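Breakdown of the fold
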Amino acid sequence: MRKKEICAFAFLFALLSMQIVSGAMAYAIDIHPVQDAGTVVKWEVTHAPEAAFSMYFTGAGSCLIENGSTMSFSVGEINDDVRGLLSIGNVSFLTNDTDVARDLVLGVGIFSPFEPGLFVKVGASNIETLNDSAFAASERISGNFMNGTMKSHWDYVTIGGSEYVAIIFNYEQDPPFAGDPQRTQLAYDLSTGVLLYANTSYWFGEGFEPYWLEIEFIEITHEGAYLPPTYLYPIIIASVIIILLIVMVARKRM
């Protein structure tokens, strides 16, 4: 085997290894925990519900928010979901992003296929899956009380003077038996997977308080040097060792 063929094979293997690593990191590097510090994502509450509402799924109790306040999520760990400390209004509590999506109505209804919350997985295949789940959650089929109109598109979104490439979801529930339908707009940065903008509302009718929350992304702060999640180290080390072994064996056969 010639040197050019060896180099080409090693390059292809390295590329495959990088794809494996990227696949293992479904969530963007930007939101992963950092060494000896924390990764904190912040949003401004541009419109808060007028009355306190129950944070039932996160177990945080009654939440009261003020317009212009800051909501933050300190990332603790990332596996199949993002877990950490959410601070919003008068409450701060440890939770996961799925329960946040349910309590803050950052998705379609509850226990539906589409509960993206504050963070989504990045990469073409993950975004495609996310998009499919949005339409599945609003599908007009028997037994789906959240059936309605779902639209999605990619566009540039400007937040705080910065421009992002985002996937945007617009959902409106079909007229319910009482009150106002859920109307939800969500925009996610395709690079970081972070929620850039949310405008979500519903009303169950007389005897219930209307809910309307609007938030805008402020920033991701990193205080400390980033270290990749520990589960990536064996993948990276094994990939390098295998590449070196392939090159050594190929040289002996020349």
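Residues numbered from 1 in each chain as written. Predicted model: local features only at pLDDT ≥ 70, side-chain atom pairs only at ≥ 80, totals over all residues. Heavy atoms only, no water.

Of the regular secondary structure elements, the protein chain holds four helices and eleven strands. Counting every position in the protein chain, which comprises 254 residues, the buried fraction comes to 44%. Restricting to contacts in the protein chain with at least 6 residues of sequence separation, those with at least 24 account for 55%. Accessible surface, the protein chain: about 13,900 Å² in total, of which carbon and sulfur atoms supply 58%. (Helix = DSSP H or I, 4+ residues; strand = E, 2+ residues; numbered from the N terminus. Buried < 20%, exposed > 50% of the residue type's maximum accessible area, 1.4 Å probe, protein only. Contact = heavy atoms within 4.5 Å. Areas by Shrake-Rupley, 256 points an atom, 1.4 Å probe, with all protein chains shown as cover.)

Core analysis: the largest hydrophobic core is formed by 56 residues, its most contacted members being W43, I88, L104, L118 and F119. Looking at this core element by element, the count peaks at six residues for strand 8 (residues 162-173). Not counting residues within four places of it along the chain, the set of residues in contact with F119 comprises Y27, I31, V41, W43, F73, V82, D97, Y188, G193 and V194. (Core = buried A, V, L, I, M, F, W, Y, C linked by side-chain atoms within 4.5 Å.)

Our focus in this paragraph is helix 3 (residues 124-137). Between its terminal C-alpha atoms helix 3 stretches 20 Å, which fits the 20 Å expected from 14 residues at 1.5 Å a residue. I127, L130, N131, S133, A134 and A137 are the residues of helix 3 that are buried. Along the long axis of helix 3, the arc covered by the buried residues comes to 160°, so they all point the same way. The exposed set on the far side of helix 3, more than 90 degrees from its buried face, consists of A124, S125, E128 and T129. As for helix 3, its buried residues are in contact with strand 7 (148-159) and strand 8. (Expected span 1.5 Å × (residues − 1). Arc of directions from axis to C-beta.)

Here we come to the sheet that holds strand 8. Backbone-to-backbone hydrogen bonds pair the strands of a sheet. The strands run either parallel or antiparallel. Read across the open sheet, the nine strands follow the order 6-5-4-1-11-10-9-8-7; overall the sheet is antiparallel. In the strand order of this sheet, the two ends are held by strand 6 (91-96) and strand 7, each with one partner. Neighbour-to-neighbour, the strand axes of this sheet turn through a mean angle of 20°, independent of strand direction. Running over the sheet, helix 2 (residues 97-104) touches strand 4 (70-78), strand 5 (82-88), strand 6, strand 10 (195-203) and strand 11 (211-222) and is turned about 125° from strand 6. Strands in contact with helix 3 are strand 7 and strand 8; relative to strand 7, the strand with the most contacts, it is inclined by about 140°. (Pairing = 2+ DSSP bridges. Axes fitted to C-alpha atoms, helices over the stretch in contact; angles between N-to-C directions.)

What follows covers the confidence of the model for the protein chain. Put simply, the protein chain has an average pLDDT of 85, and 77% of its residues get 70 or more. Contacts from residues 4-24, a stretch scored under 50 in pLDDT, to residues over four places away or in other chains number 21 contacts. Here residues 225-233 is modelled with pLDDT under 50, and outside its nearest four sequence neighbours on either side it reaches 19 contacts, counting other chains as well. (pLDDT = per-residue confidence, 0-100.)

Following the sequence through the fold, D81 ends up in the loop between strand 4 and strand 5. Despite its burial, D81 pairs with no opposite charge; the closest candidate is R83, at 6.4 Å N-O. Here T98 takes part through its side chain, which lies 2.7 Å from a polar atom of the side chain of D81. (Lys, Arg positive; Asp, Glu negative; His and termini not counted. Salt bridge = Lys/Arg side-chain N within 4 Å of Asp/Glu carboxyl O. Polar contact = N/O pair within 3.5 Å; in protein donor to acceptor, adjacent residues only side chain to side chain.)

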